[in-house]
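# Structure at a glance
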Amino acid sequence: MTVNVEIDGEIAIVTIENPPVNALSGTVRQRLLALADALDGDPNVRAVVLTGAGKLFVAGADIAEFDRPPEPPFLPDVVARIEAAAKPWIAAIRGAALGGGLELALGCRFRVATASARFALPEINLGIIPGAGGTQRLPRVVGVTEAIRIVAENHSPDGREALRLGLVDTLVDEPLVPGAVAFARAVVGQALSPTSIERVVPAPAANVWTEAEARITASARGAAAPPQALQALKHGIEHGVEAGLALERSTFLALRATEEAAALRHLFFAERAALRPAELRALSPRPIETVGVVGGGTMGSGIAAALLNAGLSIVLIEQDEASVLRARSTLAGLFESSRRRGLMSDEVASEWMARLETSIGYGAAERCDLVIEAVFEDLAVKRSVFAELGRVCRPDAIHATNTSYIDPRLIADGLPGPERFLGLHFFSPAQVMKLLEIVPTPDTALDVLATGYDLARRLGKVPVRSGICDGFIGNRILRSYRTEAEALVCGGVDIAAVDAAMRAFGFAMGPFEMQDMAGLDIAYLYREAARARGMPVPDMPGDLLVRAGRKGQKTGGGWYDYAADDRRPKTSMDAQRIIAPLVGAKKEMAGEAIVSRLMATMAEEGHAILAEGIALGAADIDLVEVHGYGFPRKRGGPMFQAGRLGKT
Ligand code: T1G
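Note that this is a predicted model, so its numbers are computed, not measured.

### Overview of the pairing of strand 18 (residues 566-571)
- Across 3 bridges, strand 17 (residues 560-563) lies against strand 18 in antiparallel orientation. By the bridge assignment, D561 is partnered in strand 18 with K570.
- Where strand 17 folds back onto strand 18 in an antiparallel hairpin, the turn is made up of 2 residues.

Set out below in structure tokens:
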């Protein structure tokens with residue numbers, strides 16, 4: 001973890017080397033400050049090239065430091081010291097200059113970069129805003145309109161666009177440093193150009209601010225940082241750089257201490273740790289290029305689309321021509337909706353279709369490195385699929401089931417190749433939802449498990465390993481959440497009050513609205529099956545609704561009523577009458593109390609899941625909830641919430 005310096009003639013080359021991403025830790029900041037003084041005082045040095053070792057320039061401040069009080073030297077001071085250097089500093093950027101890394105580069109007099117380098121101020125994704133001058137220097141380099149997009153809307157220009165914006169002075173091909181040294185030699189001796197902060201930028205028309213405020217507030221959907229990033233930028237334009245820097249710093253420090261920022265940092269590290277479980281890091285995943293998907297229904301088509309999106313070749317296996325046509329039509333519909341929303345070009349859509357082969361019967365499975373089954377949730381049906389695959393596939397091909405609750409051991413029992421069998425539980429819509437529950441059996445080989453994780457990485461998914469229990473991690477917690485919500489209703493709490501409380505907490509929908517959308521019969525059938533096994537499962541209000549034919553939106557009403565052409569839930573007198581036998585005297589309950597009760601229920605189930613070894617860690621449970629069940633990201637997850645309340 002160092003900052004190295006070497007001298008090439010009259011040019012000093014300063015290289016930040018703090019693997020894995022050259023984060024600007026306290027040690028790095030100290031070394032940069034010391035070097036700025038030393039190089040200013042060295043008569044043999046006439047310019048300084050600043051670069052990062054490895055694949056990128058600098059990924060930003062060291063996020064791991066944010067849970068501790070800030071330690072000097074502070075990054076704004078390091079940036080200001082470099083900016084005030086008597087000799088020009090030239091930032092030489094490859095890979096990425098992110099957050100504090102871009103702010104450091106903006107403190108340099110010049111910036112040179114490779115065409116593919118990426119520039120961003122992603123602080124808002126961590127619930128904070130830039131804290132080292134980015135909201136003030138950037139608009140004075142690229143103009144206010146472009147700066148707003150980068151500071152508050154996650155726009156991330158590459159080197160070519162950065163050149164066009166004036167964010168970089170020239171593009172340099174690899175090898176980067178010699179090109180940067182040549183540029184430094186060319187500027188040596190010239191009168192120093194104004195620093196970023198000295199540049200004057202015209203204040204934009206008033207509508208630029210009002211339009212940006214409206215746009216950013218809407219897209220922030222309650223997140224604190226984006227609107228405040230805009231305000232810091234605007235304050236500096238309207239009241240001068242010093243005032244802008246002061247507001248930026250105070251806002252950064254205030255936001256950094258919020259629960260939202262802590263939650264987002266928690267998820268940032270959890271998502272990265274989830275991709276590389278320690279026990280698998282030394283293992284090589286098996287090569288996967290052609291993947292078979294058995295079953296072209298909603299799940300199978302969504303899985304196929306996710307695989308196509310990752311550049312894999314797909315064999316979609318169905319049982320007859322009609323099913324194949326239906327699957328093709330489903331996929332074409334997915335592509336068409338992506339094209340209409342501008343998420344996919346015609347060329348990409350046709351390239352995807354070129355990599356999609358459909359097959360009637362299992363013959364084509366012999367060419368597959370991996371086959372994922374996504375057929376009807378029935379044990380016998382799934383077992384018959386894998387029996388066929390066992391006959392056709394290569395002996396090293398991996399077999400995966402997408403089951404959402406059947407015990408994978410029962411599916412694989414007695415079939416060939418148990419060591420290359422595992423559960424890969426995708427969430428619908430599989431081409432969108434990031435969560436992938438990976439469910440090995442005791443026989444699953446570690447390199448097969450590593451292959452599952454590697455596939456998740458290639459698909460851009462968040463993999464979470466689950467042990468085998470009823471519902472794995474996510475559906476098990478969902479069941480306890482829904483049961484407790486119904487218990488509140490039995491206790492006299494209004495359905496709409498429960499949904500409103502969970503929406504205010506940050507969920508897109510409350511538990512009853514969600515059930516009406518997904519169908520009440522899913523939970524009902526689960527409970528009826530348990531009752532059939534002799535389990536003492538008491539009737540719940542949802543059961544009464546299903547027996548009365550109220551299964552949710554698909555039947556025109558469930559917990560709520562719905563008009564034919566209007567999905568907005570309306571209080572249902574019919575539903576109230578049906579559930580009345582199980583509902584106590586009306587009881588008012590504050591939203592916070594409702595949230596606290598349901599959070600406690602989720603955390604309690606989470607603790608049981610941890611105690612049983614079903615989840616490897618509390619952060620994994622939070623990832624399941626955030627990436628599979630709509631838990632608001634700014635709240636970090638049920639285990640994070642419990643930890644904040646000292647309940648872990
Ligand atoms: N600080 C600390 N650790 C970091 C880090 C950071 N900024 N960025 C990445 N890591 C760790 C990560 O946890 C993982 O660790 C390893 O590096 C590889 O990461 C003052 C306040 C740079 C595009 O938000 O976007 O600057 O799991 O798996 O896929 O205004 O990391 O190996 O132990 O993601 O190649 C702003 C965050 C900070 C950028 C590389 N910067 N990082 O992606 O690797 S706030 C960011 C990324 C700030 C200033 C403000 C990505 C990447 P481990 P990885 P990758």
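### Quick notes on empty space enclosed by the protein
- What the rule picks out here adds up to 3 cavities of 30 Å³ or more.
- Looking at the largest cavity, its volume works out to about 60 Å³.
- Every residue along the wall of the largest cavity is listed here: F386, G390, H399, A412, L415, P416, G417, P418, R420 and F421.

### Considerations on the pattern of salt bridges
- Taken as a whole and assessed by the stated rule, the structure comprises 47 salt bridges.
- One salt bridge in this structure joins E213 and K234, with 3.1 Å as the shortest N-O distance. Taken together, the residues E213 in helix 8 (residues 206-220) and K234 in helix 9 (residues 225-239) connect sequence positions 21 residues apart.
- Overall, the relative accessible area of 24% leaves E213 in the partly exposed class.
- A residue is classified by how much of its surface remains accessible, and K234, at 17% relative accessible area, is buried.
- Here the residues in one salt-bridge network are E486, R527, E528, R531, D539, D543 and R547, joined through shared partners.

### What about the packing of aromatic side chains?
- Taken as a whole, this structure holds 11 aromatic pairs when the rule is applied.
- Here the aromatic rings of F386 and F421 are separated by 5.1 Å at their centres, their planes lie at 80°, and the arrangement is edge-to-face. With F386 in helix 15 (residues 379-392) and F421 in strand 14 (residues 421-426), the pair connects residues that are 35 residues apart, well separated along the chain. Across the pair, exposure class does not vary: F386 and F421 are buried alike.
- Judged by centre distance (5.2 Å) and plane angle (75°), the ring pair of F507 and F631 falls under edge-to-face. Taken together, the positions of F507 in the loop between helix 19 (495-505) and helix 20 (511-518) and F631 in the loop between helix 25 (618-628) and helix 26 (638-644) put the pair 124 residues apart, joining distant regions of the chain.
- For F507, a relative accessible area of 8% puts it in the buried group.
- A connected cluster of aromatic rings, assembled from ring pairs, spans Y481, F505, F507 and F631.

### So, the site of the ligand
- Around the ligand, the structure places 27 residues, and the nearest of them are K55, A59, E103, E123 and R272.
- Contact between the ligand and G100: an oxygen atom at 2.8 Å from a main-chain N or O atom of the residue.
- At 2.7 Å, a side-chain N or O of E123 approaches an oxygen atom of the ligand.
- Contact with the protein chains removes 77% of the 1000 Å² of surface that the ligand exposes when unbound.
- Secondary structure elements with two or more residues in the shell around the ligand: helix 3 (100-107) and helix 11 (259-275).

### Quick notes on the UniProt feature "domain: 3-hydroxyacyl-CoA dehydrogenase NAD binding" (unreviewed entry) in the chain
- Sequence positions flagged by UniProt for "domain: 3-hydroxyacyl-CoA dehydrogenase NAD binding" (unreviewed entry) are, in local numbering, residues 290-465.
- The span residues 290-465 carries 42% helix and 23% strand; its end-to-end C-alpha distance comes to 24 Å.

Criteria and cut-off values
Residues numbered from 1 in each chain as written. Predicted model: local features only at pLDDT ≥ 70, side-chain atom pairs only at ≥ 80, totals over all residues. Heavy atoms only, no water. Pairing = 2+ DSSP bridges. Helix = DSSP H or I, 4+ residues; strand = E, 2+ residues; numbered from the N terminus. 1 Å grid on protein atoms, 1.4 Å probe; cavity = no way out; pocket = protein on both sides within 12 Å on 5 of 7 lines; lining within 4 Å. Points joined across faces, edges and corners; volume = space filled by probe spheres on them. Salt bridge = Lys/Arg side-chain N within 4 Å of Asp/Glu carboxyl O. Buried < 20%, exposed > 50% of the residue type's maximum accessible area, 1.4 Å probe, protein only. Phe/Tyr/Trp six-rings, centres within 6.5 Å; stacked < 30°, edge-to-face > 60°. Near = heavy atom within 4 Å. Polar contact = N/O pair within 3.5 Å; in protein donor to acceptor, adjacent residues only side chain to side chain. Areas by Shrake-Rupley, 256 points an atom, 1.4 Å probe, with all protein chains shown as cover. UniProt positions renumbered as here; feature names shortened; annotations may be inferred.

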